[in-house]
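Each chain is listed here by its residues.
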Amino acid sequence: MVKKFSKRQLLDQCGFDVDEAKIILEYQKKLPVLAENDGLVKHCANIKDLYIQLQVKTRFSRWVENNLINNFDTSEYSISFANQKGEAVAFEDHCGLSSQKLNNLGVEKVYMINLDCAKEIAMFAGTALHANDELKKNSKMARKYFILMEKAVKKNMDWELIRNPLREGYKKMQEALNAYMNRMIQKDADEWDYKIEANALNIIATGFSAQEIRLFVGCKDNITRDSLTATYNEYLMKLQEWNILCLGMNMNRYERYLKLKEFFDITFPNAELLRNDMDVNKIRENKNKIIEEAKSKLQTVA
């Protein structure tokens, strides 16, 4: 499938800065990249898109021959044929035809290249002796885009590897909390119980509630964790796993949160901040506050 990244994915999930995200958002429209599930290892870019974006003056067929066919192994690119609608047509019926005959039939030869090949061709175009300033500029930007896109796909894959188990882990934590509530007070957990538990984990992991996190990262909906990096989702996944154990041991809310904070501080002593300019003392204060509130409520109930 053609993978197009959103601004949210690039800034929040992948951790790119604004300028890098801007390049990807702009150039993925001009140089679409096919992102397979196993990464950008196959023939993932149409060389004609690159040719158009570079604004090369040489005739396309000659440019392809000089820049691709004469310089790269056939394992780095593939050839197919498509009609004017972009639909694939039979290779064996067209592979022996001349360019003129293909044109008469409304068929185009399609060259798909892998990412390394795309980066090299973009670089060669800008360093060629005949390259003008415009070509050099386009070459540099195209190559930068391919490099950033490669990073984006890898970062997104890393994020999905954490985010999907995190979702499943949250369901298991809900089941564990419900079972705990039934054992202790013979009552099912409700949405409020789940919200309190999830928010406590958010605070232990980040120092802030879900609502505050959404303000920090500019999240437009209530799916807070979709706007967190893989690193923070990994923190939350571990907290969910530990919390399930604590619930299974019938620890009350105060005992659980205290133990979860201890586990977190030991396992992630150098935990990243949501933003570099955040007040570390405020984060520490918020984490202690959630524990003290649970302790206070326990004493009130007692």
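*Asks:* How do you make sense of the packing of helix 8 (residues 191-206) against helix 11 (residues 253-267) when you look at a structure like this?
*Replies:* What describes two packed helices is the angle between their axes and the distance between those same axes. Two elements in contact, helix 8 and helix 11, have axes whose closest approach is 10 Å; the angle formed by their N-to-C orientations is 30 degrees. One way to sum up the angle between helix 8 and helix 11 is to call them roughly parallel. As for how helix 8 packs across helix 11, the hand of that crossing is right-handed. Every residue of helix 11 that contacts helix 8 at D193, I196, E197, A200, L201, I204 and A205 is listed here: R253, R256, Y257, L260, K261 and F264. Within the contact of helix 8 with helix 11, the residues separate by chemical class into eight nonpolar, no polar and five charged.

*Asks:* Just to check I follow, could you spell out the sheet that holds strand 2 (residues 77-83) for this structure?
*Replies:* The pairing of strands in a sheet comes from backbone hydrogen bonds and takes either a parallel or an antiparallel form. Overall, antiparallel pairing links the four strands, which are arranged 1-4-2-3 in an open sheet. On the outer flanks of this sheet lie strand 1 (45-46) and strand 3 (88-89), each paired with one strand and no other. Sheet topology places strand 1 next to strand 4 (residues 107-113); two bridges connect them, and they run antiparallel. Within strand 4, the position partnered with N46 by the bridge is M112.

*Asks:* Got a minute to help me understand the side chain of S227 in this structure?
*Replies:* Its location among the elements puts S227 in the loop between helix 9 (210-217) and helix 10 (230-248). In this structure, S227 is in contact with R8, D12, V217 and C219, ignoring residues within four places of it in sequence.

*Asks:* Would you mind showing me how to read the pairing of strand 2 here?
*Replies:* Walk down a regular strand and you will see the side chains alternate between the two sheet faces. Bridge count between strand 2 and strand 4: seven bridges; the pairing is antiparallel. From the neighbouring strand, I79 faces strand 4, where its bridge partner is Y111. Summarising the sheet, strand 2 and strand 3 pair through two bridges and their orientation is antiparallel. What sits directly across from A82, in strand 3, is A88. Between strand 2 and the antiparallel strand that follows it, strand 3, lie four residues; G86 among them carries a positive phi value of about 85 degrees.

*Asks:* Help me understand the pattern of salt bridges in this model?
*Replies:* Oppositely charged side chains are able to pair whenever their charged atoms sit close together. Tallied over the full model, the rule gives 15 salt bridges. Note that K30 is salt-bridged to E26, the shortest N-O span being 2.9 Å. Remark: E26 and K30 occur in helix 2 (residues 18-30); sequence separation between them is four residues, near one turn of the helix. One salt-bridge network, held together by shared partners, links D116, K119, E150 and K154.

*Asks:* For this particular structure, what's the right way to read the nonpolar core?
*Replies:* Most often, soluble globular proteins have nonpolar side chains that are buried together. Counting 40 residues, the largest nonpolar core has I47, W63, L68, I113, I121 and F146 as its most contacted members. Of all the elements in the fold, those that place two or more residues in this core are helix 2, helix 3 (47-54), helix 4 (60-69), strand 4, helix 6 (115-127) and helix 7 (133-185). Among the elements that line this core, the one with the most residues is helix 7, at eight residues. In this structure, A200, A230, M237 and F268 belong to the second largest nonpolar core, which totals 36 residues.

Rules behind the numbers
- Residues numbered from 1 in each chain as written.
- Predicted model: local features only at pLDDT ≥ 70, side-chain atom pairs only at ≥ 80, totals over all residues.
- Heavy atoms only, no water.
- Axes fitted to C-alpha atoms, helices over the stretch in contact; angles between N-to-C directions.
- Helix = DSSP H or I, 4+ residues; strand = E, 2+ residues; numbered from the N terminus.
- Parallel < 35°, antiparallel > 145°, perpendicular 65-115°, else oblique.
- Left-handed = near helix turned anticlockwise from the far one by under 90°.
- Contact = heavy atoms within 4.5 Å.
- Nonpolar A, V, L, I, M, F, W, Y, C, P; charged D, E, K, R; others polar.
- Pairing = 2+ DSSP bridges.
- Salt bridge = Lys/Arg side-chain N within 4 Å of Asp/Glu carboxyl O.
- Core = buried A, V, L, I, M, F, W, Y, C linked by side-chain atoms within 4.5 Å.
- Buried < 20%, exposed > 50% of the residue type's maximum accessible area, 1.4 Å probe, protein only.

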